[in-house]
Amino acid sequence: MSSPKAAARRPVDTRAALIMVVLCAVWGTQQAIVKLAAADMSPTLQMAFRSGVATLGVLILARARGELRWFSRATLIPGMAIGLFFGFEFACVGEALRYTSASHVTVYLYSAPILIAIGLGVMHRDERLHALQWLGVLFSFAGIAVTFLGRGQPVQYPSMHWGDALALTGAMSWALTAIVLRGSNLANAPATVTLAYQLIGAMVMAGTFAMIMGETAVRLTPGLAIALLWQVVVVAFASYLTWFALLRQYSSARLGVLSFMTPVFGVAGGVLLVGDHIDTGFGTGAAMILGGIIFATTARPLRVRQLA
């Protein structure tokens, strides 16, 4: 299969923005849901399980669409690379949830869009943000920092700094996944193919890590069944397929800016599902995050505004 030329990405429109709101709500609450079921199955093993089951669904869908031909030597190397990075991200997040709160994991993990925007901006001209948009990105990032710093360190997480470090490592791995994807033959591959490579990597990496750490005990309960069903069908299957479909049409850097909404949903999910407390720092940071997102997605270059 010849290497396809990457198609130009469109600016984010209203449709894409609304879809991103739903995706961010799903992604933001997933850490709290994993945390709720942690007593019945370790977070890392949950991620391995959901990735394995979702892989089967994605491969069935790819077969039905006639997209299995994309699994070839042309996509194998980048596919293995994004699978490795994606799987390592999942392993880091799973372990981070053992040492820190779901809110902290979400906030730190979703610092990745900053790294993605920087990396893609250096490597791809059509992914570069202009100066005014960068101000919005930086303001959103500052809001994430304020949200985190204002929450304090709960007594029940004595190893919180280690958990936070794992979450940050996961963010770096996520950024590498996006950068490799955008610059490889997978850039124009069907979403099912890209997702299958990543889910296989997540299943292998997270599953191996769970076995090495001795985190394989499972207690079957209705709560665990509901949590796994949500993670497999909604998170690992539907949301990721939608995300990669968006990546094929719209600017990755600008979609990354919109994903700053996820920490807000993440902390809200922690409050509603895990019992986290909201403080002034969170309210201030959330306002900064949303304000930065709006500015970054609506601001135009000065020269364009002057000519308009």
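*Asks:* Describe a nonpolar patch on the surface, listing the residues and the values that go with them.
*Replies:* Judged by side-chain polarity, Leu36, Leu272, Leu273 and Val274 come together as a nonpolar surface patch covering roughly 380 Å² of accessible area. A total of 3 residues in the nonpolar patch trace back to one element, the largest contributor, which is helix H11 (residues 261-274). For Leu273, the location among the structural elements is in helix H11. Assessed through its relative accessible area of 38%, Leu273 is described here as partly exposed.

*Asks:* I'd love a proper account of the nonpolar core, names of residues and values included.
*Replies:* The biggest cluster of nonpolar side chains holds 56 residues, and the ones touching the most others in it are Met20, Trp27, Tyr240, Trp243 and Phe244. Here the element with the most residues in this core is helix H9 (residues 222-249); it accounts for 9 residues. Residues within four places of Trp243 in sequence aside, it is in contact with Met20, Leu23, Trp27 and Leu255. In terms of nonpolar packing, the next biggest core, distinct from the first, is built from 12 residues, Ile114, Ala117, Val264 and Val267 among them.

*Asks:* Explain the packing of aromatic side chains residue by residue, including any values.
*Replies:* Tallying each qualifying case throughout the model produces 4 aromatic pairs. Each ring, one from Phe71 and one from Tyr197, has its centre 5.3 Å from the other, and the planes form 55°; the classification is tilted. Taken together, the residues span a long stretch of sequence, with Phe71 in the loop between helix H2 (43-64) and helix H3 (73-99) and Tyr197 in helix H8 (residues 191-212) at a distance of 126 residues. A connected cluster of aromatic rings, assembled from ring pairs, spans Phe86, Phe90 and Tyr240.

*Asks:* An account of the pattern of salt bridges is needed here, citing residue identities and associated values.
*Replies:* Applying the stated criterion across every chain, the model contains 3 salt bridges. The shortest N-O distance in the salt bridge between Asp40 and Arg219 comes to 2.6 Å. Of this pair, Asp40 sits in the loop between helix H1 (14-36) and H2 while Arg219 sits in the loop between H8 and H9, and the two are 179 residues apart along the sequence. Between Arg98 and Glu95 there is a salt bridge whose closest N-O contact spans 2.9 Å.

*Asks:* Now, about empty space enclosed by the protein: what can you tell me, with residues and values included?
*Replies:* Here the structure, examined in full by the defined rule, presents 2 cavities of 30 Å³ or more. One number sums up the size of the largest cavity: a volume of about 270 Å³. As for the largest cavity, its lining consists of 20 residues, and the residues nearest its centre are Phe86, Glu89, Tyr110, Trp174 and Tyr240. Going through the elements one at a time, H1, H2, H3, helix H7 (160-182) and H9 are the ones with two or more residues in the lining of the largest cavity.

*Asks:* Describe the environment of Val58, with residues and values.
*Replies:* Examined against the element boundaries, Val58 turns out to sit in helix H2. Spatially, the C-alpha atoms of Val58 and Ala236 are 9.6 Å apart, while their sequence positions differ by 178 residues. Discounting chain neighbours no more than four positions away, the residues touching Val58 are Thr192, Leu195, Ala196, Leu199 and Phe237.

The rules behind these values
- Residues numbered from 1 in each chain as written.
- Predicted model: local features only at pLDDT ≥ 70, side-chain atom pairs only at ≥ 80, totals over all residues.
- Heavy atoms only, no water.
- Patch = residues over 30% accessible without salt bridge, like charges linked within 9 Å, V, L, I, M, F, W, Y side chains within 5 Å.
- Areas by Shrake-Rupley, 256 points an atom, 1.4 Å probe, with all protein chains shown as cover.
- Salt bridge = Lys/Arg side-chain N within 4 Å of Asp/Glu carboxyl O.
- Helix = DSSP H or I, 4+ residues; strand = E, 2+ residues; numbered from the N terminus.
- Buried < 20%, exposed > 50% of the residue type's maximum accessible area, 1.4 Å probe, protein only.
- Core = buried A, V, L, I, M, F, W, Y, C linked by side-chain atoms within 4.5 Å.
- Contact = heavy atoms within 4.5 Å.
- Phe/Tyr/Trp six-rings, centres within 6.5 Å; stacked < 30°, edge-to-face > 60°.
- 1 Å grid on protein atoms, 1.4 Å probe; cavity = no way out; pocket = protein on both sides within 12 Å on 5 of 7 lines; lining within 4 Å.
- Points joined across faces, edges and corners; volume = space filled by probe spheres on them.

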